[in-house]
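# Structural overview
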Amino acid sequence: MFPRIILLLILLAMIISCAPRPVVIQNEPPILHGNPPRRIVPERQHLPRALMGKKIVIDPGHGGKFPGAIGESGLRECDVNLAVALLLADRLQSAGAAVILTRLKDVHLADELREDLQYRCDVAQKKAADLFVSIHHNSLPERLPSFNQTETYYQLRDPGSSRDLAASIHYHLLKALDSQDGGLIPGNQYVIRNVTCTAILGEAVYLSNRRMERKLRNPRFLQQEADAYFNGIWEYFARRIPVIEAVSPADSAVIFTSQPLISGYIRDGASPADAIGEEGIDPASIELYLNDTPYPVDYDPVTHRFTCRPQLKSGEYRLQITARNRAGNSTRAYSGYFQVRLAPSQLSLELTPAVISAPMPVGVFVQARFDGGYPVGKSPAVVFSSDVGSFSQDTLMLNPHGIASTTYYPPLNLRSTAARLWIHATCQGRTATAEMVTVHDDSTSQQWLWGTVVDPAGTPLPQTELCFGDDLACYRVRDDGGFTIPLPQNARERPHLTVSAPGYLTVFLARYESNRSLRIGLEPLFQGVLRGKRILFDVATSQLAPITSNLHNFGLLTEIVTGNEVQNVAASLRFMPHLYLLCEAVTSDPPGVWVYHYPGSQNGERLAHLLQAYLSKFLSCRVGESTQYQLAQTACPAVQIRVSSSFGEVEMDRLRAALVYSLAEYFGATHTQSFTCRGYVRDGMNHPLKDIPVTLTGQPVQWTDNSGYYAFPFLAAGDYEVSVAEISLGRITVDRDKMVDFRVEFDE
């Protein structure tokens, strides 16, 4: 038993801030097949049996150096959270539950906030908890003294069991505390995102409300809140907890048939003496999804076995299964992955070139086709072989289009062994063969270039494009970074070769030798810090789509979501972005940009101020705090960018350039390790020209300011094509901070 007298000792004062006011998301109550259970509160003189042996982790939020919200009169949230948690633990233990508290006194659990939160999650994981209940009391940053509501968050990725628990607790909190209904809200807070058990986070009342702060000093009111949590937890277990067991195929399985049998068992939980609601699984509630597509399921209520036999193509599948019992409780959602690998119906092999007169690399391309023309996903593997010579990679996985490529290296004594060589590709029992002919004819008119494209570390760059002259011909390098390409035969003189890859400085080769191996190294743009960074754009209107255009050229990986706020945050869990950018257009006078970050988010605030620094030279830009749902619930730093709906092409280009440079500095690019090209654009009378576009190869467009000034920071040393007002001015070399002024004359 936890002594209740301790409550009077722990209600002290002081704060930083709890979760600010969220967007209220009103959700429908849980879908209950049949009649919903009658709300029942167990009488205290009768011992509830449904809680016997249940392992419940109670997390009093905040503590120590992270005190949470603070009331107007000094009441600290961390103390209130602990007081309610101790009372709740007392009642749960009396009912036979095994209770684990993440803290028993006013302490922080780690020096860093993230580690403090992770410790709480680790407790639930190590104890294999049935439930995780995090207790909080909310606050508004603007301190509206009359605002109050009850909000209950459930685990975003678990709209089944976690939502059921939240709904039960939420009902009893509203009834006990006489509070406004703030809704059941899909939550993605750290502590409920990073546990695998059923989890909720309760914000019972607002500590910033004066009346509620007074009530929270009253031990009787704290007991009412603890009893409400207890009643909700008891009711949840009293409806029994159905489970999904022995699912086949197992997670990460590989299947070699187009009609796999998906099966398993769904059973209702044991029925305690104080159980409520009808027993058994409701067959109509069983849902099975493969990659978000529903499939019909057969269920035998006698054996409790479910089966599904879908018609599938080769690829990777995410399997999700949920069901409810007749009392209305959901299973914990089952989620697993498996692969289907089918043999291709056709395999083709191509060599480039197929006829050679010198020991030169040969491009080898294989394509697999399947019945119905469906894609192959990330499998199966293809194996290359030959009686002589070697391959840069002799085993490769087919890409989603059913294609794989490698480089074949003939033997060095090729000139003395004129012959026909055979290249083979094998994929799941099917083999394709191509013939390579070697000849002793050095007078052939066709000339070739071959070699590899690599980064400074020597890693091949498979996304590189090689173009001759002014788009005479363009080629892609192979998956291993190699290339074997013919020189244009119809050109009057040898054209220059342009080599470009997303995120790297374009290389111009004016001189090169044919029939010789080339090793082309590319320098990364922005010191390589943007390459591979994932940015999720939550774009509310099509007007803002230009913000995202061409960002892949800088090495960024982007995805756009346009659903509702909950769907978009859920999408972020799949995409796992490094940053979440919420972009909105608003009517404003005068025009400008507003950048908001979540209160207390250091990374969000840093990015917001970087954007302001780059934009303020051209546009009005202000930084502020926002409790928008997306900013509060994403697992990564998030920023909200609001722009004037009157913005045109120039403003969008400036915003995009500011975003790229801000991201470069945010992810670690430094001015000391790069160069800057800057200067002025003037007319023939030496007057500055405003709003003139200046372009350097691989850089976002810059527009001159009122003084005609432009600047390109974070440049790698090298050659850049430059244009002003869409007029090409040739190439400049940047190997130090450089001032380049331009004169532009416009015809009247």
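Reading guide: rules and limits
- Residues numbered from 1 in each chain as written.
- Predicted model: local features only at pLDDT ≥ 70, side-chain atom pairs only at ≥ 80, totals over all residues.
- Heavy atoms only, no water.
- Helix = DSSP H or I, 4+ residues; strand = E, 2+ residues; numbered from the N terminus.
- Buried < 20%, exposed > 50% of the residue type's maximum accessible area, 1.4 Å probe, protein only.
- Areas by Shrake-Rupley, 256 points an atom, 1.4 Å probe, with all protein chains shown as cover.
- Pairing = 2+ DSSP bridges.
- Contact = heavy atoms within 4.5 Å.
- Polar contact = N/O pair within 3.5 Å; in protein donor to acceptor, adjacent residues only side chain to side chain.
- Phe/Tyr/Trp six-rings, centres within 6.5 Å; stacked < 30°, edge-to-face > 60°.
- Salt bridge = Lys/Arg side-chain N within 4 Å of Asp/Glu carboxyl O.
- pLDDT = per-residue confidence, 0-100.
- Axes fitted to C-alpha atoms, helices over the stretch in contact; angles between N-to-C directions.
- Left-handed = near helix turned anticlockwise from the far one by under 90°.
- Nonpolar A, V, L, I, M, F, W, Y, C, P; charged D, E, K, R; others polar.
- Parallel < 35°, antiparallel > 145°, perpendicular 65-115°, else oblique.
- Disulfide = S-S within 2.5 Å.

### Brief notes about the overall build of the chain
When helices and strands are counted, the chain shows 11 helices and 45 strands. Looking at the chain residue by residue over its 748 residues, the buried ones come to 53%. For the chain, the accessible area works out to roughly 33300 Å², and carbon and sulfur atoms hold 49% of it.

### Topic: the pairing of strand β14 (residues 315-322)
Bridging between strand β10 (residues 287-290) and β14 involves 4 bridges; their strand directions are antiparallel. Bridged to L288 within β14 is I321. As paired elements, β14 and strand β15 (residues 334-340) share 7 bridges and run antiparallel to each other. Looking across to β15, one finds that G315 is bridged to V340.

### With respect to the sheet that holds strand β43 (residues 727-734)
Strands sit in the order β40-β39-β42-β43 across an open sheet of 4 strands; the sheet is antiparallel. At either margin of the open sheet sits one strand with a lone partner, and together these are β40 (702-703) and β43. Inspection of the sheet shows strand β39 (residues 693-696) paired to β40 by 2 bridges, in the antiparallel sense. When the sheet's bridge partners are listed, P693 is paired in β40 with W703.

### Quick look at the side chain of T150
Tracing the backbone through its elements, the reader meets T150 in strand β4 (residues 150-155). On the basis of relative accessibility, which here comes to 0%, the residue T150 falls in the buried class. Look past the residues within four positions of T150 in its chain and what remains in contact with it is H170, L173, L174, S179, Q180, D181, G182, G183, E203 and A204.

### Quick notes on helix α8 (residues 565-575)
All buried positions along α8 are accounted for by V566, N568, V569, A571, S572 and F575. Contacts from the buried residues of α8 go to β5 (181-187), β32 (534-539), β33 (557-561), β34 (579-586) and α10 (629-633). The opening residue of α8 is N564, an N-cap whose side-chain oxygen sits 3.1 Å from the backbone nitrogen of V566. Note on α8: the residue one or two positions beyond its end, M576, has a positive phi of about 50°.

### Focus: the packing of aromatic side chains
The geometry of two aromatic rings is summed up by the distance between their centres and the angle between their planes. Under the counting rule described, the total for this entry stands at 13 aromatic pairs. With a centroid separation of 5.7 Å and an interplanar angle of 20°, the aromatic rings of Y317 and F338 are classed as stacked. Residue Y317 is found in strand β14, and its partner F338 is found in strand β15; the two are separated by 21 residues along the sequence. F338 shares its class with Y317; the two are buried.

### Observations concerning the pattern of salt bridges
Scanning the model with the defined rule gives 19 salt bridges in all. Note that D164 and R324 form a salt bridge whose closest N and O atoms lie 2.9 Å from each other. Separated by 160 residues along the polypeptide, D164 in helix α4 (residues 161-177) and R324 in the loop between β14 and β15 bring together distant segments of the chain. E245 serves as the salt-bridge partner of R267, at 2.4 Å between the closest nitrogen and oxygen. A residue pair is termed long-range when its members are at least 10 positions apart, and R267 in strand β9 (residues 262-267) and E245 in strand β7 (residues 243-248) qualify at 22 residues. Its relative accessible area of 30% is what places R267 among the partly exposed residues.

### Here's the deal with the confidence of the model for the chain
The predicted model of the chain has a mean per-residue pLDDT of 87, with 90% of residues at 70 or higher. Helix α1 (residues 6-10) is the least confidently modelled element of the chain, averaging 39 in pLDDT, while strand β13 (residues 305-308) averages 98, the highest of any element. Contacts of residues 1-38 to residues separated by more than four positions or lying in other chains number 126 contacts, the stretch itself having pLDDT below 50.

### Topic: the sheet that holds β10
Spatially, the 5 strands line up as an open sheet ordered β8-β15-β14-β10-β11, and their pairing is mixed. Looking along the sheet, the strands with just one partner apiece sit at the ends: β8 (253-255) and β11 (293-295). Across the sheet, the mean angle from the axis of one strand to that of its neighbour is 35°, orientation sign disregarded. With 3 bridges connecting them, β8 and β15 associate as parallel partners. Within β15, the residue paired with V254 across the bridge is Q339.

### Description of the packing of α4 against helix α7 (residues 219-238)
For the pair α4 and α7, the least separation of the axes is 8 Å and the interaxial angle reads 145°. Between α4 and α7 the crossing geometry is right-handed. Along its contact with α4, which presents S161, D164, L165, S168, I169, H172, L173, A176 and L177, the element α7 presents F221, Q224, E225, A228, Y229, N231, G232, I233, E235 and Y236. Class assignment of the residues belonging to the contact of α4 with α7 gives a composition of 10 nonpolar, 6 polar and 3 charged.

### Examining the packing of helix α2 (residues 77-94) against α7
Helix packing geometry: the angle between the two helix axes and the distance between the axes. At a minimum axis separation of 8 Å, α2 and α7 run at an interaxial angle of 50°. With respect to α7, the element α2 is oriented oblique. Like other packed secondary-structure pairs, α2 and α7 cross with a definite hand, here right-handed. Facing α2, whose interface residues are V80, A83, V84, L87, L88, R91 and L92, α7 presents L222, Q223, E225, A226, D227, Y229, F230, N231 and I233. Partitioning the contact of α2 with α7 into residue classes produces 11 nonpolar, 2 polar and 3 charged.

### Re the state of the cysteines
In the structure shown here, the tally under the stated rule is 1 disulfide. The disulfide that involves C467 links it to C474, with 2.2 Å between the sulfurs. An S-S torsion of about 115° defines the bridge between C467 and C474 as right-handed. Among the residues examined, C474 registers a relative accessible area of 39% and is labelled partly exposed.

### Looking at unusual backbone geometry
That bond from S248 to P249 is cis: its omega, 5°, falls within 30 degrees of zero. Looking at the secondary structure, you find P249 in the loop between β7 and β8. Look at the link from T352 to P353: it is a cis peptide, with omega at -5°. Relative to the elements of secondary structure, P353 occurs in the loop between β16 (346-352) and β17 (355-356). One non-glycine residue, Q428, adopts positive backbone phi at about 45°. By secondary structure assignment, the location of Q428 is in the loop between β23 (420-427) and β24 (430-438).

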